[in-house]
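# Results of the structural survey
The residues making up each chain are set out below.
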Amino acid sequence: KPGKGVAYFQAKLRNLDTSATLSARYRSSENVEVLDLEDEKSFQMLYQAEGIVHLLCMKSFEEVELSEAVLGNKMRWLGEGMEVRVRQYLGRPISVAIPARVDIEVTDTLMASAKTSNDNSKSATLSNGVVTKVPHFVKVGDRVSVNTEDGTYAGKSDR
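On a predicted model such as this, the values are computed, not experimentally measured, just so you know.

This part covers the pairing of strand S12 (residues 153-156). Two elements, strand S11 (residues 143-147) and S12, share 3 bridges in a ladder whose sense is antiparallel. Looking across to S12, one finds that Ser145 is bridged to Gly155. Following S11, the chain reverses through 5 residues before pairing antiparallel with S12; Gly151 in that reversal takes a positive phi of roughly 75 degrees.

Here we come to the pattern of salt bridges. Taken as a whole, this structure holds 4 salt bridges when the rule is applied. A salt bridge links Glu40 to Arg85; its shortest N-O distance comes to 3.4 Å. Here Arg85 lies in strand S6 (residues 83-89) and Glu40 lies in the loop between strand S2 (21-27) and strand S3 (41-49), a separation of 45 residues in the sequence. Given the relative accessible area of 33%, Arg85 is considered partly exposed. Here Asp142 and Lys156 are joined by a salt bridge, their closest N and O atoms 3.4 Å apart.

The subject of this paragraph is the layout of surface pockets. Quantified by volume, the largest pocket comes out at close to 290 Å³. Lining the largest pocket are 17 residues, and of these Trp77, Met82, Val102, Asp103 and Arg143 lie nearest its centre. Put simply, the parts of the chain that give the lining of the largest pocket at least two residues each are strand S8 (101-109) and S11. The biggest single contributor to the lining of the largest pocket is S8, with 4 residues. Considering only enclosed or pocket space, the second largest pocket measures out at about 210 Å³ in volume. Taken together, Leu71, Gly72, Asn73, Lys74, Arg76, Trp77, Ala97, Ile98, Pro99, Thr148 and Glu149 make up the full set of residues lining the second largest pocket.

Sheet strands pair by backbone hydrogen bonding; their relative direction is either parallel or antiparallel. Here we have 5 strands laid out as an open sheet, ordered S10-S9-S8-S11-S12, and antiparallel in their pairing. Whereas interior strands pair on both sides, the edge strands pair on one side only; in this sheet they are strand S10 (131-135) and S12. With strand direction ignored, the average angle separating the axes of adjacent strands in the sheet is 55 degrees.

Okay, the nonpolar core next. Membership of the largest hydrophobic core comes to 26 residues, with the highest contact counts inside it found for Leu55, Leu78, Val84 and Leu126. Those elements that provide at least two residues to this core are S3, strand S4 (52-57), strand S5 (63-67), S6, S8, strand S9 (121-126) and S11. The residues touching Leu55, leaving out its near neighbours within four places in the chain, are Phe43, Gln44, Met45, Leu46, Glu62, Glu63, Val64, Leu66, Val84 and Val86.

On to the sheet that holds S3. Strands sit in the order S5-S4-S3-S6-S7 across an open sheet of 5 strands; the sheet is antiparallel. Pairing within the sheet leaves two strands with one partner each, and these edge strands are S5 and strand S7 (92-97). Between one strand axis and the next, the sheet turns through 45 degrees on average, direction left out of account. Relative to S4, S3 runs antiparallel, the two sharing 6 bridges. From the neighbouring strand, Tyr47 faces S4, where its bridge partner is His54.

Thresholds applied
- Here the residue numbering is sequential within each chain, running from 1 through the sequence in written order.
- The predicted origin of the model limits local features to residues at a pLDDT of at least 70 and limits the giving and counting of side-chain atom pairs to 80 or more, whereas totals for whole chains, interfaces and linings rest on all residues.
- Side-chain measures were taken over the full set of non-hydrogen atoms in the model, leaving aside hydrogen atoms and water.
- Any two strands are treated as partners once DSSP identifies two or more bridges connecting them.
- Note on conventions: DSSP H or I runs of at least 4 residues are helices, E runs of at least 2 residues are strands, and numbering of each starts at the N terminus.
- In the sections that follow, a salt bridge refers to a side-chain nitrogen of Lys or Arg positioned within 4 Å of a carboxyl oxygen of Asp or Glu.
- Think of it in three bands: with a 1.4 Å probe and only protein chains considered, a residue is buried below 20% of the maximum accessible area for its type, exposed above 50%, and partly exposed in between.
- A 1.4 Å probe that fits into a set of points on a 1 Å grid over the protein atoms alone but cannot get out defines a cavity; an open set with protein on both sides within 12 Å along at least five of seven lines defines a pocket, and lining residues are those with an atom within 4 Å of a point.
- Grid points are joined across faces, edges and corners, and a volume is the space filled by probe spheres set on the points.
- Here the axes come from fitting lines to C-alpha atoms, over the contacting stretch only for helices, and the angles between their N-to-C directions go from 0 to 180 degrees.
- As used in this record, nonpolar core signifies buried Ala, Val, Leu, Ile, Met, Phe, Trp, Tyr and Cys residues forming a set joined through side-chain atoms within 4.5 Å.
- Contact between two residues is taken to exist if any of their heavy atoms lie within 4.5 Å; hydrogens are not considered.

By themselves, these figures tell us nothing about what the structure is for.
Right under this line is the structure:
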């Protein structure tokens, strides 16, 4: 009969050494060891060199280096002076939270031409190399606000 079995829950686990993920399935009666993570700390990005991002905690002046393995796709949105939140385990960074939106300059876009379709957007290349869709009124040199989660246009920047 449906619904008469043992309850299970599934979890996606990440190896902190290799960053590999695996799916695991546990019975509701099983115990799982929970890591005691340090509180998130606020850091400011100093610079990026050879795939390593250097951050500085403005309260304790602690400096942290983050690799592309920890940052993943977030690395392309980082800029000098940007504030990020870092969570650590045993003094080692394991996750990074960046702002939901960043203001960035448009470096290349096609000139608006006669609309031949119902598409109200055009492709634009941003200063970090990301290509996204923007409205036709956006031109080269404009600063736009972009969602860091998916790289979509969020509005024209007021800076």
